[in-house]
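These are the residues of each chain, in order.
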Amino acid sequence: MVDESHTMHEGTAMQNQWTSLLKDSVIWKGYDDQHSIEVARLKIQNFIVPQLQRLNATRILEVGCGSGVGPVVLRESGFEAYGIDPHFKDDVTDTYSFLISGEGKRIPFPDRHFDLVYSLETIEHVGTRDGMLELAEDYQIERRLFIRELCRVSSRHVIITTPNKYFPVDEHHVDMHGNPGFRVHSPFENKTLSARELRNGFREFGFELDAFLNPRGYYQLERVKKKFGRIGSLVSDGLLRLSSNRLIGGSFLNPHLFLLFRRLDRA
Ligand SMILES: C[S@@+](CC[C@H](N)C(=O)[O-])C[C@H]1O[C@@H](n2cnc3c(N)ncnc32)[C@H](O)[C@@H]1O
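Values in this document were obtained by computation on a predicted structure and should not be read as measured data. (Residues numbered from 1 in each chain as written. Predicted model: local features only at pLDDT ≥ 70, side-chain atom pairs only at ≥ 80, totals over all residues.)

**Structural notes on the overall build of the protein chain**
Within the protein chain one finds 7 helices and 9 strands. For the protein chain, the proportion of its 267 residues judged to be buried stands at 37%. At a minimum sequence separation of 6, the contacts of the protein chain that also span at least 24 residues come to 67%. (Helix = DSSP H or I, 4+ residues; strand = E, 2+ residues; numbered from the N terminus. Buried ≥ 20, exposed ≤ 12 C-beta atoms within 10 Å, placed from the backbone. Contact = placed C-beta atoms within 7 Å.)

**Overview of the nonpolar core**
Judged by nonpolar contacts, the single largest core of 51 residues is most densely connected at Ile60, Leu61, Leu116, Val117, Leu150, Val158 and Leu259. The leading source of residues in this core is helix H2 (residues 34-54), at 6 residues. What leucine 259 contacts, discounting residues up to four positions off in sequence, is Ile159, Ile160, Ala195, Leu198, Leu209, Phe212 and Leu213. (Core = buried A, V, L, I, M, F, W, Y, C linked by C-beta atoms within 7 Å.)

**Quick look at the pairing of strand E1 (residues 59-63)**
Counted residue by residue, E1 has 4 buried out of 5 residues, so it is predominantly covered. Where E1 and strand E2 (residues 80-85) come together, 5 bridges link them in parallel fashion. Within the sheet, the bridge partner assigned to arginine 59 lies in E2 and is glutamate 80. Two elements, E1 and strand E4 (residues 114-120), share 3 bridges in a ladder whose sense is parallel. Bridge pairing links glutamate 62 to tyrosine 118 in E4. (Pairing = 2+ DSSP bridges.)

**Considerations on unusual backbone geometry**
We note that asparagine 56 has phi near 55°; this positive angle belongs to a residue other than glycine. Along the chain, asparagine 56 turns up in the loop between H2 and E1. Even without being glycine, arginine 112 reaches a positive phi, approximately 55°. Arginine 112 gets classed as partly exposed once you count the C-beta atoms within 10 Å, which come to 15.

**Some points on the sheet that holds E2**
Ordered by their spatial adjacency, 7 strands build an open sheet running E3-E2-E1-E4-E5-E9-E8, and the pairing between neighbours is mixed. Pairing within the sheet leaves two strands with one partner each, and these edge strands are strand E3 (99-101) and strand E8 (207-212). Neighbour-to-neighbour, the strand axes of this sheet turn through a mean angle of 20°, independent of strand direction. Of the strands in this sheet, strand E5 (154-163), E8 and strand E9 (256-263) are in contact with helix H6 (residues 195-203), which crosses E8 at around 145°. (Axes fitted to C-alpha atoms, helices over the stretch in contact; angles between N-to-C directions.)

**Looking at the confidence of the model for the protein chain**
Low pLDDT means the predicted atomic positions in that stretch should not be read closely. In this model, the protein chain carries an average pLDDT of 83, and 80% of its residues clear a pLDDT of 70 or more. Of the regions scoring below 50 in pLDDT, residues 1-11 engages in 2 contacts with residues more than four places distant in sequence or in other chains. (pLDDT = per-residue confidence, 0-100.)

Right under this line is the structure:
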């Protein structure tokens, strides 16, 4: 029989150690305090874990894993999880061999090594000059290479979450001072991506869009809730529910994309 208290104790010890060691490697303002680490933990436990269980996936890779909270939480839950991010320091990767310093376009694993690869709030930063949203000239090439690599190392599924280009407000990004962003933008700008662009991008590498996932548990619009109180909470919950409707998911009515892609030529 599993000794639950022992497991929990070990988990807490690992997280405490991880928190102090990894906090320093987070270059993102607003991603390194205790609250944001807790938010990141909740979205793994309440959104990612149920998807992995449903899809029967055990060997997992997170691309753009920030502080590394995702792979740590998944390992504590019994998954064989790995994470890659360009900003890990050597002492982090020396301590945790399952955390790798590197870019999504060059993943040091063989073809189809993972059951499932996921990447949360990262693809919109690929191909940018500042690591945020200022596009470099070759951003399309960079994003294509990123998608190609995610597809290469997954034998079955890829999950991508990112703000919807067609929704006029980017609710996810804080401004450069770390304040809640609510960046208003034109649907014709290319900083963020649309479901159609992602669908076409993945199709090129043998993956089809399987579902607009229900974002329950993702804890995504908490900034809207915090800023606009109960009304904000009702509006954001309603909007998030629209995300999983296949007709509405790709349209300007949906603030955020939660996309599941499936490999077409599964062995
Ligand atoms: C907004 S943060 C999201 C962190 C985490 N996925 C989360 O949801 O909490 C974006 C992350 O993507 C990483 N990133 C940026 N460009 C990347 C690239 N080309 N390949 C892999 N990760 C990248 C950044 O270092 C950063 O940790």
